[in-house]
Amino acid sequence: MKIATWNINGIKARIDNLPKWLREAEPDVVCLQEVKSIDENFPTAVFEDMGYSVAVHGQKSFNGVAILSKHAIEDVRRGLPGDDEDVQARYIEARITVEDLSVRIAGIYLPNGNPLGTEKFTYKLAWMKRLEAHARSMLQGEEAFLIAGDYNVIPEPEDCRKPDNWLDDALYQPESRDAYRQLLHLGFTDALRATNAAPETYTFWDYQAGAWNKNNGIRIDHMLLSPQAADLLQTCAVDKHTRAWEKPSDHVPVWVKLAAKTAASSMPSGDALTSQPV
DNA sequence: ATGCCTTGTCGCACAAGA
């Protein structure tokens, strides 16, 4: 089961690149962020024609998240619990089942939080608290669960090319990084870190100042796996090449492959060995 | 460097992003 996340920075602007990448990467599920569209204007038919089901939690002009899936999208939750006043479309969650593997998938667009010293940063930290609370309750279900998306957090110095450039930025504040670590410490696995990704693996390069050509990137799109999901992790990778396409998003896709444990693989190896003919 | 791009908007410049 291949599950991806991609901040596409506008579904209308990416109406060529997203299908192109779907045909190439063939994910079972993709969580999209910054669709920047109301539900009614989302080009659902384009993706249904490609065999995807679509669930959208949209908003006019800004934010907006969606899930595309080759398999049925069940039990959809739109919006992050914990604040009825919050109208920003940044959270969507659903259960998707492929053969004998059922996974609960959350797609998030965590607030940017800039500039510091404003209510935007306060909102970011409050949103992260709510995410932690919701994640804590989800973990009690002890099912395969993952939170994929644009976290707008640079977890560690190694996750950006030039840490000094980010010292006054909400993405790299100690409070932001602490909140991310608290989430991790509930028991999540950072899929990319767990698969020994190469140094300088980034997911975002600013449109400005030639950031892409200079590889001045940051890693802010993450896939956090519950213990039950982490047990199934096969691969995690970043599709960096899409950043070089015409009319690119400033983010690139991140994806994991999860595989259900078979009866054979969960059986003690001694039994398997002794049952083999010599 | 309050800039640099890119997106969406009841545009005709602006807010927001990171």
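J.: Before we go on, may I ask you to explain the sheet that holds strand β7 (residues 101-109) in this structure?
T.: Note: strands within a sheet are paired through backbone hydrogen bonds, in either parallel or antiparallel orientation. Sheet architecture is open: 6 strands sit in the order β5-β6-β7-β8-β12-β9, paired in mixed fashion. For this open sheet the edge positions go to β5 (73-78) and β9 (189-190), each flanked by a neighbour on one side alone. In the packing of helix α3 (residues 119-139) onto the sheet, contacts are made with β5, β6 (91-98), β7 and β8 (145-150), and the angle to β6 comes to roughly 30 degrees. Packed onto the sheet, helix α4 (residues 174-184) meets β9 and β12 (221-225) and runs at close to 30 degrees relative to β12.

J.: Teacher, can you tell me more about helix α1 (residues 17-25) here?
T.: In an α-helix there are 3.6 residues to a turn, and that puts residues three or four apart on one side. Those residues of α1 not exposed but buried are Asn 17, Leu 18, Pro 19, Trp 21, Leu 22 and Ala 25. The secondary structure elements touched by the buried residues of α1 are β1 (2-7), β2 (29-33), α2 (44-48) and β4 (65-69). At the C-terminal side of α1, Glu 26 shows a positive phi close to 50 degrees.

J.: For this particular structure, what's the right way to read the sheet that holds β4?
T.: Spatially, β3-β4-β2-β1-β14-β13 is the arrangement adopted by the 6 strands of the open sheet, whose pairing is mixed. For this open sheet the edge positions go to β3 (53-57) and β13 (233-238), each flanked by a neighbour on one side alone. Geometrically, the sheet is characterised by an average inter-axis angle of 15 degrees between neighbouring strands, direction not taken into account. Along the sheet, α1 makes contact with β1, β2 and β4, crossing β1 at roughly 160 degrees.

J.: What is the right way to look at α4 in this model?
T.: Residues Ser 176, Arg 177, Ala 179, Tyr 180 and Leu 183 constitute the buried set of α4. Down the axis of α4, the smallest arc covering the buried residues is 160 degrees, so these residues share one side. As for α4, its buried residues are in contact with α3, β9 and β12.

J.: Please clarify how the side chain of Asn 63 should be interpreted in this entry.
T.: Turning to its location among the elements, Asn 63 is positioned in the loop between β3 and β4. With a relative accessible area of 7%, Asn 63 lands in the buried category. Engagement of the side chain of Asn 63 in a polar contact is seen with the side chain of Gln 88, the distance being 3.4 Å. Discounting chain neighbours no more than four positions away, the residues touching Asn 63 are Glu 34, Val 35, Lys 36, Gln 88, Ala 89, Arg 90 and Tyr 109.

The rules behind these values
Residues numbered from 1 in each chain as written. Chains lettered and ligands numbered in written order. Predicted model: local features only at pLDDT ≥ 70, side-chain atom pairs only at ≥ 80, totals over all residues. Heavy atoms only, no water. Pairing = 2+ DSSP bridges. Helix = DSSP H or I, 4+ residues; strand = E, 2+ residues; numbered from the N terminus. Contact = heavy atoms within 4.5 Å. Axes fitted to C-alpha atoms, helices over the stretch in contact; angles between N-to-C directions. Buried < 20%, exposed > 50% of the residue type's maximum accessible area, 1.4 Å probe, protein only. Arc of directions from axis to C-beta. Polar contact = N/O pair within 3.5 Å; in protein donor to acceptor, adjacent residues only side chain to side chain.

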